[in-house]
Amino acid sequence: MSGSSSGSYSSSSSPSSSPPRTPPNAYQNSIDPSSRWLVQKYGGTSVGKFAVNIADIVSSYIESNKVAIVCSARSGSTKALGTTNLLLRAASETLRRRPMTQSGSVTPVSNVMTGTPTSSPRAADAYPWTLGQTISPMARQPDSVPEFYKTVDLIRQEHFNAARASVQDPVILQGLELEIERDCDWLRSFLSASQVIDEISPRSKDTIIGLGERLACKIMAAVLRDQGIDAEYVSLESIVPDFDDLEAAEDGTLDQEFYDRLSRAVGERVKQCGPRVPVVTGFFGPVPGSLLQQVGRGYTDLLSALLAVGLEAAELQIWKEVDGIFTADPRKVPTARLISIISPAEAAELTYYGSEVVHPFTMEQAIRRRIPIRIKNVENPRGGGTVIHPDPAEEDATQVAEDVGSVPEPASPLALAMLQARATEMHHPRHPTAVTIKDHIIVLNINSNRKSVSHGFLAGIFGTLDRFGVVVDLISTSEVHVSMAIEDALAKKLLDRLVKELQKTGSVSVHHDMAILSLVGKHMRNMIGIAGRMFTTLAQGKVNIEMLSQGASEINISCVIDGRNAVKALNLIHQSCLQPPEALPAPKSIAVGPWLF
Ligand SMILES: Nc1ncnc2c1ncn2[C@@H]1O[C@H](COP(=O)(O)OP(=O)(O)O)[C@@H](O)[C@H]1O
Ligand SMILES: N[C@@H](CC(=O)OP(=O)(O)O)C(=O)O
């Protein structure tokens, strides 16, 4: 089964029947051959809450650049309530068994919102089928409505509401509503078919979540057109050709050659839009080994980097609801400062350890082609944001400052001076770059039963972790003892099975509700006493260190603490290790309170 429409999206009528309606005097992308591409990625909450602001931002850039925008699936206030999560919920509801009544028929499913059985007239009314022609035979029989129908309807209604709230032109709106209806029909059919075969493969799951980006981009393209910007919807759901031809398919990993081919393909597809502003789905699966398993959630950031490479863009901009990367999560540390320029290695380390500002795979792809990444705020478009730029230690600092100054952002003299100061500081660092916390961590301690030699003991543990697909965030070992910090993402039953397996090698203890605290900085290896300062501060703040890992990465000192102390520890370390030197107290009297939370 393949997804619904792809290619050019018409806002005026059925997408397959006529070309998009071009608004009179519409703004278009610059066709000046000397103007360079700018790729702008908008996350789920930005697309969900600020669609019209995005149109304003795009229009402010298209005079001097060719702009391509990449969107994620819409989210409301949080990603947890977003379309991708609803799609995953619908997928799992599809395979959920329903209890049979004595007569053998399936019991009516209750309404997820109200708990009312769907056989009641009220619950049947809860399906606002405004476009009568799309009612499927199953939907007309409340008793047999599958559970996932309600979730599909929630998705449908949410997108209808968004379309009506942000598109004024009745012709554009009508075309958009038809598209939403058609996509939701497709989803219902796809899930019904999956229910019949009682299986959703990882590849099918990819296909299902891809609908989130398709719907978001159709809405965004319509909003741009409604605001007088000539836009084209570009779906990448079929961009990866034949799996069997790909070497990557053999071992299931996506290698650089795969990404290079994908960059070229998406670049060529987007260039076909001519003067129209391409609105590109951040979803580019299914891919060999599955997008969710190979790249994981947040894959849109990676696609935007690949597109920037394919277009040889001047800059990749990732627009969020935060001004950029801060010295600590600004929601948790009120004194956190915006970082104007950061190295890719530091940005990747921060994202792996809790500050999920950009998907960690993004940096590698953009930076290897020397494309700067700028994090910007949709609510504060004039702010300079944070630039992720190649490591100046391998380049000349002056060159870095010049490069940063020359990116096509209208940098103010003040912003430029800040960037230059930061570039100089990176050569003469005075403090680490940022501190981050990763919550929901489990610590597993394994003591060898000494029935095998040390290497056999470790091999046994890693073999088991591999079979369970468990990623270890931190590890600390001696010959007979291993402590590991892992994400608390396993279902209870699976964790119990994992522990049982590990018990074959020794005694195992499990500690829940832990957090990893990481101090990150490119030049920390040359800062004598920084680890001492970090741990002294925690001791003075009465924060116990459960596990320690130092030295595995030169730019990261991490430890595991009790999750209940996470915010307190973050503030303590920010105050003692990240305040500018002039604000630091004398080393002997590191203050440990009072804190601002
Ligand atoms: N060091 C950090 N700098 C900036 N934001 C951070 C940091 N650590 C954690 N965060 C959090 O990451 C979130 C990223 O921004 P947001 O736009 O909300 O994400 P998304 O685009 O995924 O919806 C913010 O809510 C912010 O509180
Ligand atoms: N919609 C996907 C992809 C994505 O990149 O999302 P976001 O840009 O909002 O992190 C997800 O929820 O994972």
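None of these values were measured; they are calculated from a predicted model.

What follows concerns the overall build of the chain. Helices and strands together make up the secondary structure of the chain, namely 19 helices and 14 strands. Counting only residues that meet the buried cut, the chain has 55% of its 597 residues in that class. Contacts in the chain between residues far apart in sequence, at least 24 positions, make up 76% of those at least 6 positions apart. Summed over its atoms, the accessible surface of the chain is roughly 26200 Å², and 52% of this surface lies on carbon and sulfur atoms.

So, about helix α11 (residues 299-310). Its 12 residues place the ends of α11 17 Å apart at the C-alpha level, agreeing with the 16 Å of an ideal helix rising 1.5 Å per residue. Burial analysis of α11 places 12 of its 12 residues in the buried class, which makes it a mostly covered element. Within α11, the full set of buried residues consists of Tyr299, Thr300, Asp301, Leu302, Leu303, Ser304, Ala305, Leu306, Leu307, Ala308, Val309 and Gly310.

Overall, mixed pairing links the 8 strands, which are arranged β3-β4-β2-β1-β5-β7-β8-β6 in an open sheet. Two strands bound the open sheet, and with one partner strand each, they are β3 (231-234) and β6 (341-342). Two strands pair when backbone bridges link them, and strand β2 (residues 66-71) and strand β4 (residues 277-281) are joined in this way by 3 bridges, in the parallel orientation. Residue pairing in the sheet places Val70 in a bridge with Val280 of β4.

Now for the site of ligand 1. Around ligand 1, the structure places 13 residues, and the nearest of them are Thr45, Glu321, Phe326, Asp329 and Arg331. Between ligand 1 and Glu321, the relevant distance is 2.8 Å, taken from an oxygen atom to a main-chain nitrogen or oxygen of the residue. Within the backbone of Phe326, a nitrogen or oxygen atom sits 2.9 Å from a nitrogen atom of ligand 1. Bound to the protein, ligand 1 loses 84% of the 560 Å² it would expose on its own.

On to the packing of helix α6 (residues 170-197) against helix α7 (residues 202-226). The description of two helices packed together rests on the angle between their axes and the distance between the axes. The N-to-C vectors of α6 and α7 enclose an angle of 175 degrees; their axes lie 10 Å apart at closest approach. In this view, α6 runs roughly antiparallel relative to α7, as classed from their interaxial angle. Contacts between α6 and α7 pair Ile172, Leu176, Glu179, Ile180, Asp183, Trp186, Leu187, Phe190 and Leu191 from the former with Ser204, Thr207, Ile208, Leu211, Arg214, Leu215, Lys218, Ile219, Ala222, Arg225 and Asp226 from the latter. Across the contact of α6 with α7, the residue classes tally to 12 nonpolar, 2 polar and 6 charged.

The subject of this paragraph is the confidence of the model for the chain. Mean pLDDT over the chain: 80, with 75% of residues reaching 70 or higher. Contacts from residues 1-19, a stretch scored under 50 in pLDDT, to residues over four places away or in other chains number 57 contacts. Residue range residues 410-415 is modelled with pLDDT below 50. Its contacts to residues more than four positions away, or to other chains, number 0 contacts. This complex was scored by the predictor with a pTM of 0.80 and an ipTM of 0.95.

Take the site of ligand 2 next. As a matter of local geometry, ligand 2 sits amid Lys41, Gly43, Gly44, Ser72, Ala73, Lys79, Thr84, Glu213, Arg297, Gly298, Tyr299 and Thr300. Within the contact set of ligand 2, an oxygen atom lies 2.6 Å away from a side-chain nitrogen or oxygen of Lys41. Across the complex, the protein chains shield 91% of the 350 Å² of accessible surface that ligand 2 would expose by itself. Of the residues that constitute the shell around ligand 2, the class distribution is 2 nonpolar, 6 polar and 4 charged.

Okay, the packing of aromatic side chains next. In the structure shown here, the tally under the stated rule is 6 aromatic pairs. On the numbers, 6.4 Å between centres and 80 degrees between planes, the contact of Tyr61 with Trp319 is edge-to-face. With Tyr61 in helix α2 (residues 51-61) and Trp319 in strand β5 (residues 315-320), the pair connects residues that are 258 residues apart, well separated along the chain. Here Tyr61 falls in the buried class, since its relative accessible area comes to 8%. Ring centres of Phe148 and Tyr149 lie 5.3 Å apart, and the angle between their planes is 50 degrees; on these two criteria the pair is classed as tilted. This pair shows no difference in class: Phe148 is buried, exactly as Tyr149 is.

All right, on to the pattern of salt bridges then. With the rule as written, the count across this model stands at 27 salt bridges. Of the charged contacts in the structure, one is a salt bridge between Arg74 and Glu158, with a shortest N-O distance of 3.1 Å. Separated by 84 residues along the polypeptide, Arg74 in the loop between β2 and α3 (83-95) and Glu158 in helix α5 (residues 148-166) bring together distant segments of the chain. Since its relative accessible area comes to 6%, Arg74 is described here as buried. Its salt-bridge partner being Glu93, residue Arg89 comes within 3.4 Å of it at the nearest N-O pair. Of this pair, Arg89 and Glu93 both sit in helix α3, separated by 4 residues, roughly a single helical turn. On the basis of relative accessible area, Glu93 is assigned to the buried category, the value being 4%.

On to the nonpolar core. The nonpolar side chains of a soluble globular protein tend to be buried with one another. Residues Val58, Ile69, Met220, Leu224 and Phe284 are the most contacted members of the largest nonpolar core, which totals 106 residues. Looking at this core, the element that brings in the most residues is α7, giving 12 residues. Look past the residues within four positions of Met220 in its chain and what remains in contact with it is Val47, Ala51, Ile54, Ala55, Ile69, Cys71 and Val279. Ranked by size, the runner-up nonpolar core spans 27 residues in total, among them Ala336, Ala515, Ile530 and Cys577.

For the rest of this paragraph, the subject is the packing of helix α9 (residues 256-271) against α11. At their nearest, the axes of α9 and α11 sit 7 Å apart, and the two run at 70 degrees to each other. Considered as vectors, α9 and α11 are oriented roughly perpendicular to each other. Contacts between α9 and α11 involve Tyr259, Leu262, Ser263, Val266, Gly267, Val270 and Lys271 on the former and, on the latter, Leu302, Leu303, Leu306, Leu307, Val309 and Gly310. Tallied by class, the residues present in the contact of α9 with α11 amount to 9 nonpolar, 3 polar and 1 charged.

Cut-off values and rules
Residues numbered from 1 in each chain as written. Chains lettered and ligands numbered in written order. Predicted model: local features only at pLDDT ≥ 70, side-chain atom pairs only at ≥ 80, totals over all residues. Heavy atoms only, no water. Helix = DSSP H or I, 4+ residues; strand = E, 2+ residues; numbered from the N terminus. Buried < 20%, exposed > 50% of the residue type's maximum accessible area, 1.4 Å probe, protein only. Contact = heavy atoms within 4.5 Å. Areas by Shrake-Rupley, 256 points an atom, 1.4 Å probe, with all protein chains shown as cover. Expected span 1.5 Å × (residues − 1). Pairing = 2+ DSSP bridges. Near = heavy atom within 4 Å. Polar contact = N/O pair within 3.5 Å; in protein donor to acceptor, adjacent residues only side chain to side chain. Axes fitted to C-alpha atoms, helices over the stretch in contact; angles between N-to-C directions. Parallel < 35°, antiparallel > 145°, perpendicular 65-115°, else oblique. Nonpolar A, V, L, I, M, F, W, Y, C, P; charged D, E, K, R; others polar. pLDDT = per-residue confidence, 0-100. Phe/Tyr/Trp six-rings, centres within 6.5 Å; stacked < 30°, edge-to-face > 60°. Salt bridge = Lys/Arg side-chain N within 4 Å of Asp/Glu carboxyl O. Core = buried A, V, L, I, M, F, W, Y, C linked by side-chain atoms within 4.5 Å.

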